[in-house]
Amino acid sequence: MVARWVCLVMLCLPLSYGVKAQELLELHMPDAPPLTLTSVQGRYGMVGDVALAAIAQAGYRSHIAVAPWARAQQDVSRAHNQLIIPLSRTPQREALYTWIAPIMPLERAFFSLDTPVSDFAEARRRYQRIAVGLGTAQLEILKTQGFSDKQLYSLKLGDNAPRMLEKGRIDAWFTGVEEGLYLWPQSNRTLKMSPTLSSADLYLACSKSCDAELVSNLRNAVEALRADGSLQKILSTYRPAR
């Protein structure tokens, strides 16, 4: 259903932003369900589907590039006219990219098997080992909140945080609420979620060196999708129940 909706969006959108002879844009994204998907044919996740629809509406073609997340961020920042999703706009990243448009807010929380913590201070006291995605804004947030390197376990591709919780390898998992709820059913035990402790918008971003016309075209396309309800409809098809 999601694939059909996105295809209809891409086919029916007017090319109102000037077709650039179908210029090919490289879009970098990790496999981070449900925000971005790289292994499901025709489904690219909440932010992925919106970004691809915006690229098509603006009159461009797209090529999806998949690389380790930390390396992808570095490569895009140093390149020219390359796109990346889903990227949180943090103080540490502000000067490294051209920020095209916000796609959706992402709330973040701790997931664990015991009584949820109420704030970062309690988490620092209680948790000895916290799983957090390598190269993610979550890692930046925890370091800013005073967590030590010894408390943080960087998740790599293929790591399954719910399983690590079940096996006692970690005490908690700090991640986006959407991702936590998406993977929740894969756990054999009942995961518990803390209150939302941080929230920031996920952006479609471009290299620091990015043509002004490209930025304007894509920004206008995202806002057109937001205005006509297409963006919210795409998000809702993936959003897990709370």
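That block above? That's the structure.
In what follows, the accompanying structure is described. (Residues numbered from 1 in each chain as written. Predicted model: local features only at pLDDT ≥ 70, side-chain atom pairs only at ≥ 80, totals over all residues. Heavy atoms only, no water.)

For the rest of this paragraph, the subject is the state of the cysteines. Scanning all chains against the criterion turns up 1 disulfide. Here Cys206 pairs with Cys210 through a disulfide, and the sulfurs are 2.1 Å apart. Taking the sign of the S-S torsion, about 90° here, the bridge from Cys206 to Cys210 comes out right-handed. Neither Cys206 nor Cys210 differs from the other in exposure class; each is buried. (Disulfide = S-S within 2.5 Å. Buried < 20%, exposed > 50% of the residue type's maximum accessible area, 1.4 Å probe, protein only.)

Pairs of packed helices are described in terms of their axes, by the angle between the two and the distance that separates them. It is at 8 Å that the axes of helix α2 (residues 45-57) and helix α9 (residues 230-238) come closest, and there the two elements cross at 150°. With respect to their mutual orientation, α2 and α9 come out roughly antiparallel. Between α2 and α9 the crossing geometry is right-handed. Contact residues: Gly45, Met46, Asp49 and Val50 in α2; Leu231, Ile234, Leu235 and Tyr238 in α9. Across the contact of α2 with α9, the residue classes tally to 6 nonpolar, 1 polar and 1 charged. (Axes fitted to C-alpha atoms, helices over the stretch in contact; angles between N-to-C directions. Helix = DSSP H or I, 4+ residues; strand = E, 2+ residues; numbered from the N terminus. Parallel < 35°, antiparallel > 145°, perpendicular 65-115°, else oblique. Left-handed = near helix turned anticlockwise from the far one by under 90°. Contact = heavy atoms within 4.5 Å. Nonpolar A, V, L, I, M, F, W, Y, C, P; charged D, E, K, R; others polar.)

With 4 bridges joining them, strand β5 (residues 130-133) and strand β6 (residues 152-155) adopt parallel strand pairing. Among the inter-strand pairings, Ala131 is bridged to a residue of β6, identified as Tyr153. (Pairing = 2+ DSSP bridges.)

Let us look at unusual backbone geometry. Glycine aside, residues mostly have negative phi, and peptide bonds are mostly found in the trans state. Put simply, Pro33 and Pro34 share a cis peptide bond, and its omega is 5°. With omega at -15°, the peptide bond leading from Ile85 into Pro86 counts as cis. The phi angle at Asn81 is positive, at roughly 60°, despite the residue not being glycine. Position of Asn81 relative to the elements: it lies in the loop between α3 (69-78) and β3 (83-88).

Bear in mind that shape data such as this cannot, by itself, settle questions of function.
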